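Residue-level structure breakdown
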Amino acid sequence: MPSIDKALFQEFEAIVGATHALHQDELVASYTTDWTGRFRGHTPLVLRPGDTEEVAQIVSVAADAGIALVPQGGNTGLVGGSVPLGGEIVLSLLRLDGCEPVDVLAQQVTLEAGVTLARAQSHVSPFNLDVGVDLAARDSCTIGGMIATNAGGINVVRYGPMRDQLLGVEAVMADGSTISRLEGLEKDNTGYHLPGLLAGSEGSLAVITKARLRLHPHLEERCSAMLAFNSVQDAVSATAQLRHSVLDLQAVEVIFRGAMELVSDYISTSIPVGSDASAWLIVEAASTSDPTDQLAGAIDDLGTLVMDVAVGRDSASRAGLWQFREKITEAIATQGTPHKLDVTLPASRLAEFVSEIPQIVETVDSGATTVMFGHLGDGNVHVNVLGRGGLEPDEGVESAVLTYVAHLGGSISAEHGIGTAKKDFLHLSRSEAELDIFRAIKSSLDPEGILSPNTLIPYEHQ
Ligand code: FAD
Ligand code: 2HG
Ligand code: ZN
């Protein structure tokens, strides 16, 4: 990659202003290491544009100079896609933090890419509306990053992932041109759906600068329950029944034994129910009228499938149950640098997967620990592998786990994306014909490989 000489540096600096062109080691440090600490890059420059026009100018100058950029939002991504592993310039979108007035009539809102999820939630909540995707990184992750990763989170079972919330985008393409379609028409069959293409593109096709999101009525009345199970298969069967019988199902999350012990220690709170269980579900129902009877009836119908139940009605007791799920990622981080393998399994193979994985990991690295939890309503298991003493597990662990996932008919990435962490394994979930299409899209939209050239579908010089 060409280096940045003084003239080029000045050109970038003139676009964003001196205070937003960072190059000193201590100022760029937080932009070059990912949330897990596993991916550490380096960069000559972090640029912090203040609006779409500045983003377009930066991309245009970078394209002319043949310099690559990595777009970055809250830097909470878990697959190494947000940091400059190849010495790229970091294009931080955090200053694009404007929220347009909520369109109550359409139940939609237009937000700039750098708006955090928590800010978006509080912007729409006075209108009794909610953003459809929610996740524990809400205070830091941004709308642009969530679209770029097609984030999932805890409510996919009800509202779908980020792609399903997306009615339109404004984005800067790799040549510096801008596309914008933010009218928010619910029906618009005028050819290719570009917002859908950018959802999950992980910064490799365009820089997202604004998005038009579909909102959902806020459901004030909530009931949460923690259910303990003797076996993983029982938790899987219960999930299927609950998805069938609870019309107002908002979330079905799972915690397997190792993760439950770890988080219980981390939050210094004993496990609320089933201290010797193998798996726990956290189930939430939400509606405009009290869903407690609906959820309680459905849990009763599970009969002996469930060992024990704790119910949370008011917000404090619900939060008390949810902390066992939401604090797991932080709890793991205190143990070292995990390899995060976020996968989906067909429901029929999920229990088999969870029971086999510890052995599969141990065969490759006898000192490794496996911690599993996830979004069971979506068949999504988060497999975290820590090597001995919290260090990196032996090489080969990823390949063993992901090959097994593919063998069971699952996906090697459920919601975190491919990033740099999984790009060598993409062929396990995608056919050669599909990868050819991916490469054709990349080379057509970004022929010079300016945007995140090391992410998702590595750019190949022609
Ligand atoms: P970043 O980390 O900054 O970037 C992620 C990717 O998007 C990179 O490839 C980057 O280049 C690209 N990108 C960022 N902004 C733009 C833009 N404006 N235009 C184009 N490309 C861009 N993820 C889930 O799906 N579900 C969860 O439940 C979940 N829970 C999490 C909990 C914790 C505690 C943490 C730390 C992470 C969690 N994540 C989860 C992962 C992460 O929060 C999401 O991937 C989130 O969408 C990333 O948003 P971000 O703004 O931090 O993006
Ligand atoms: C979650 O569901 C996130 O909590 C993070 O997707 C998963 O830490 C992980 O592996
Ligand atoms: Zn998750």
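To keep things clear, this report deals only with the structure shown in the data block.

The rules behind the values
- Residues numbered from 1 in each chain as written.
- Chains lettered and ligands numbered in written order.
- Predicted model: local features only at pLDDT ≥ 70, side-chain atom pairs only at ≥ 80, totals over all residues.
- Heavy atoms only, no water.
- Phe/Tyr/Trp six-rings, centres within 6.5 Å; stacked < 30°, edge-to-face > 60°.
- Helix = DSSP H or I, 4+ residues; strand = E, 2+ residues; numbered from the N terminus.
- Buried < 20%, exposed > 50% of the residue type's maximum accessible area, 1.4 Å probe, protein only.
- Axes fitted to C-alpha atoms, helices over the stretch in contact; angles between N-to-C directions.
- Parallel < 35°, antiparallel > 145°, perpendicular 65-115°, else oblique.
- Contact = heavy atoms within 4.5 Å.
- Nonpolar A, V, L, I, M, F, W, Y, C, P; charged D, E, K, R; others polar.
- Pairing = 2+ DSSP bridges.
- Near = heavy atom within 4 Å.
- Polar contact = N/O pair within 3.5 Å; in protein donor to acceptor, adjacent residues only side chain to side chain.
- Areas by Shrake-Rupley, 256 points an atom, 1.4 Å probe, with all protein chains shown as cover.
- Salt bridge = Lys/Arg side-chain N within 4 Å of Asp/Glu carboxyl O.
- Left-handed = near helix turned anticlockwise from the far one by under 90°.

Glancing now at the packing of aromatic side chains. Enumeration over the complete set of coordinates arrives at one aromatic pair. Summarising the aromatic geometry, the rings of Phe-353 and Tyr-404 are spaced 6.0 Å apart at their centres and angled 15 degrees between planes, so their arrangement reads as stacked. Remark: Tyr-404 occurs in helix H14 (residues 397–407) and Phe-353 occurs in helix H13 (residues 350–364); sequence separation between them is 51 residues. The burial state of Phe-353 is the same as that of Tyr-404; both residues are buried.

Moving on, we come to the packing of helix H1 (residues 6–16) against helix H3 (residues 52–65). For any two helices packed against each other, one specifies the crossing angle of their axes together with the interaxial distance. Closest axis-to-axis distance for the H1/H3 pair is 9 Å, and the angle between their directions is 170 degrees. Classified by the angle between their axes, H1 and H3 sit roughly antiparallel to one another. Judged by residue contacts, Leu-8, Glu-11, Phe-12, Ile-15 and Val-16 of H1 engage Glu-54, Gln-57, Ile-58, Val-61, Ala-62 and Ala-65 from H3. Its residues assigned to classes, the contact of H1 with H3 shows eight nonpolar, one polar and two charged.

Across the sheet, which stays open at both edges, the four strands sit in the order S1-S2-S4-S3 with mixed pairing between neighbours. Unpaired on one side and paired on the other, strand S1 (21–22) and strand S3 (69–72) mark the two borders of the sheet. For S3 and strand S4 (residues 89–92), the ladder comprises four bridges, and the chain directions are parallel. Among the inter-strand pairings, Val-70 is bridged to a residue of S4, identified as Val-90.

So, about the pairing of strand S15 (residues 369–375). Of all seven residues that make up S15, six are buried, and the element is covered over most of its length. Where strand S11 (residues 249–256) meets S15, two bridges bridge the pair, whose relative direction is antiparallel. Bridge pairing in S15 links Val-254 to Gly-374. Here S15 runs beside strand S16 (residues 380–386); their pairing, made up of seven bridges, is antiparallel.

Right, let's talk about the site of ligand 2 for a bit. The environment of ligand 2 is made up of Leu-78, Arg-325, Thr-329, Lys-340, Phe-373, His-375, His-382, Asn-384, Glu-415 and His-416. Take Glu-415: an N or O atom from its side chain is 3.0 Å from an oxygen atom of ligand 2. Between ligand 2 and His-416, the relevant distance is 2.7 Å, taken from an oxygen atom to a side-chain nitrogen or oxygen of the residue. Its free accessible area being 300 Å², ligand 2 has 87% of it covered by the protein chains. Of all the secondary structure elements, the ones that give two or more residues to the shell around ligand 2 are S15 and S16.

So, about the pattern of salt bridges. Tallying each qualifying case throughout the model produces 21 salt bridges. Of the charged contacts in the structure, one is a salt bridge between Glu-284 and Arg-222, with a shortest N-O distance of 3.0 Å. Remark: Arg-222 occurs in strand S10 (residues 221–229) and Glu-284 occurs in strand S12 (residues 279–287); sequence separation between them is 62 residues. By relative accessible area, Glu-284 is classed as buried at 5%. Notably, a salt bridge pairs Arg-439 with Asp-436, separated by 2.9 Å at the nearest N-O pair. Taken as a pair, Arg-439 and Asp-436 lie in helix H15 (residues 432–445) at a separation of three residues, close to a single helical turn. In this structure Arg-439 comes out as partly exposed when scored by relative accessible area, which is 27%. Several salt bridges share partner residues, and in doing so they unite Asp-130, Arg-222, Glu-284 and Arg-318 into one network.

The N-to-C vectors of H13 and H14 enclose an angle of 150 degrees; their axes lie 9 Å apart at closest approach. As summarised for this structure, H13 and H14 are arranged roughly antiparallel, according to the angle between their axes. Two packed elements cross with a definite hand, and for H13 against H14 that hand is right-handed. Contact with H13, carried on its side by Glu-352, Phe-353, Glu-356, Ile-357, Ile-360, Val-361 and Val-364, involves Val-397, Ala-400, Val-401, Tyr-404 and Val-405 of H14 and no other residues of that element. Residues of the contact of H13 with H14, tallied by class, amount to 10 nonpolar, no polar and two charged.

Keep in mind these values describe shape, not function.
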